[in-house]
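# Topology and contacts: notes
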Amino acid sequence: MGKFDGKVAFITGAARGQGRSHAVRLAAEGASIIAIDICAPIESASYGTATPADLDQTVKEVEALGGRIVARQADVRDVTALRQAFDEGTAALGPVDIVVANAGIGAGGSSVPDERQWDEVVAVNMTGVWNTGRVAIPSMVERGQGGSIILTSSTGGLVGVGIPAAGFLAYTAAKHGVIGLMRSWANYLAPHFIRVNSIAPTAVRTPMAADGDIKAIMERNPALANALTNAMPVDLVEPIDISNAVLWLASDEARYVTGTVVPVDAGLLNKR
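Keep in mind it's a predicted model, so treat the numbers as computed, not measured.

### Details of the packing of helix α1 (residues 17-28) against helix α2 (residues 52-64)
Contact geometry of α1 with α2 gives a least axis separation of 9 Å together with a crossing angle of 15°. In terms of axis orientation, α1 runs roughly parallel to α2. Where α1 crosses over α2, the handedness of that crossing is right-handed. Within the contact between the two elements, α1 uses Arg 20, Ala 23, Val 24 and Ala 27 and α2 uses Asp 54, Gln 57, Thr 58, Glu 61 and Val 62. Looking at the contact of α1 with α2 residue by residue, the class counts come to 4 nonpolar, 2 polar and 3 charged.

Set out below in structure tokens:
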């Protein structure tokens, strides 16, 4: 028996990295998965974004565990497409109990005009989270069975990174905004026993973080050294470390935990 037998989780940015890890971890505990990802380039991302093949791999890994999954390509900036994907997923798997608003992009490419960087990073990292909530929340409230919503922020959502480039400013502002959304939704949804929390990771070993090549990131952006230096002697944490926090927040073990930010940061915030 798994912790989430009979539950359905709606996960954005699920094609790889943290999102895939969350999907696989929740499926291992019995959850069915609605997996969403744009699977297309975004101009402001300075690294290769996910592909349809990546999303297919998430499907394979969930199904290898015996899990059920509906995967759709959708852009979290497009609420109509996101709602269609959500509706198709719930039609196949049942109503959603867990939402993980994970989709996000890194701090923008230097060759992209400042206005474009700002607009795209904020649109994906904050408006996309708002869209995810407004697609999922009405059915959760109407159903009246409670639930858990988890928003991916960042340590950059709790401190000022201090880099005045448009992409970094947009990233920091958006991740702060995600925490504001979390706190507002937590108060609104508490009477419905729907808990809303946020996770604030330090750098995670994913393509967004050059798959762990911190040296390369520092060489491109030396001012990031302070922002990415953990107290514990590790350069990065792993996607599974974030997934374990998601698992706890989504479980009955955290049934009275809402309106909180959970740092998974190897001591970075405390060190500052």
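### Details of the nonpolar core
Judged by nonpolar contacts, the single largest core of 45 residues is most densely connected at Phe 10, Ile 149, Leu 151 and Trp 185. Elements represented by at least two residues in this core include exactly β1 (8-12), β2 (32-37), α3 (79-93), β4 (98-101), α4 (114-143), β5 (147-152), α5 (166-189) and β6 (194-201). If one sorts the elements of this core by residue count, α5 sits on top with 10 residues. Ranked by size, the runner-up nonpolar core spans 34 residues in total, among them Ile 11, Ile 69, Val 100 and Val 237.

### Considerations on the sheet that holds β5
In space, the 7 strands of this open sheet follow the order β3-β2-β1-β4-β5-β6-β7, with parallel pairing throughout. Strands with a single pairing partner mark the edges of an open sheet, and in this sheet they are β3 (69-73) and β7 (261-264). Looking at each pair of strands side by side, their axes are set apart by 15° on average, direction ignored. Of the strand pairs in this sheet, β6 and β7 are connected by 4 bridges, and their pairing is parallel. Looking across to β7, one finds that Ala 200 is bridged to Pro 263. In this fold α5 packs onto β5, β6 and β7, with an angle of close to 160° to the strand it touches most, β6. Relative to the sheet, helix α7 (residues 239-250) contacts β4, β5, β6 and β7, its axis offset from that of β6 by approximately 165°.

### Side note on the pattern of salt bridges
Counted according to the given criterion, the structure contains 9 salt bridges. Residue Lys 3 is joined to Glu 253 by a salt bridge in which the shortest nitrogen-to-oxygen separation is 3.1 Å. Of this pair, Lys 3 sits in the segment before β1 while Glu 253 sits in the loop between α7 and β7, and the two are 250 residues apart along the sequence. Taking relative accessible area as the criterion, Glu 253 reaches 54% and is therefore assigned exposed. A salt bridge links Glu 61 to Arg 20; its shortest N-O distance comes to 3.8 Å.

### Regarding α3
A rise of 1.5 Å per residue sets the reference length of α3, with its 15 residues, at 21 Å; its end C-alpha atoms lie 21 Å apart and thus fit the reference within 8%. Of the positions making up α3, those classed as buried are Val 79, Leu 82, Ala 85, Phe 86, Gly 89, Thr 90 and Leu 93. Projected down its long axis, α3 shows its buried positions confined to an angular sector of 130°, all on one face. Looking at α3, the residues exposed on the side facing more than 90 degrees away from the buried face are Thr 80 and Ala 91.

### Details of the packing of aromatic side chains
Both the distance between ring centres and the angle between the ring planes are used here to describe each pair of aromatic rings. Evaluation of the coordinates by the stated rule reveals 1 aromatic pair. Taking 5.0 Å as the distance between ring centres and 80° as the angle between the ring planes, the aromatic pair formed by Phe 10 and Phe 86 counts as edge-to-face. With Phe 10 in strand β1 and Phe 86 in helix α3, this residue pair connects regions lying 76 residues apart in the sequence. Across the pair, exposure class does not vary: Phe 10 and Phe 86 are buried alike. The ring of Trp 130 has Arg 134 lying over it, and the distance from NZ or CZ to the ring centre is 3.8 Å.

Cut-offs used in this document
Residues numbered from 1 in each chain as written. Predicted model: local features only at pLDDT ≥ 70, side-chain atom pairs only at ≥ 80, totals over all residues. Heavy atoms only, no water. Axes fitted to C-alpha atoms, helices over the stretch in contact; angles between N-to-C directions. Helix = DSSP H or I, 4+ residues; strand = E, 2+ residues; numbered from the N terminus. Parallel < 35°, antiparallel > 145°, perpendicular 65-115°, else oblique. Left-handed = near helix turned anticlockwise from the far one by under 90°. Contact = heavy atoms within 4.5 Å. Nonpolar A, V, L, I, M, F, W, Y, C, P; charged D, E, K, R; others polar. Core = buried A, V, L, I, M, F, W, Y, C linked by side-chain atoms within 4.5 Å. Buried < 20%, exposed > 50% of the residue type's maximum accessible area, 1.4 Å probe, protein only. Pairing = 2+ DSSP bridges. Salt bridge = Lys/Arg side-chain N within 4 Å of Asp/Glu carboxyl O. Expected span 1.5 Å × (residues − 1). Arc of directions from axis to C-beta. Phe/Tyr/Trp six-rings, centres within 6.5 Å; stacked < 30°, edge-to-face > 60°. Lys NZ or Arg CZ within 6 Å of the ring centre and 35° of its normal.

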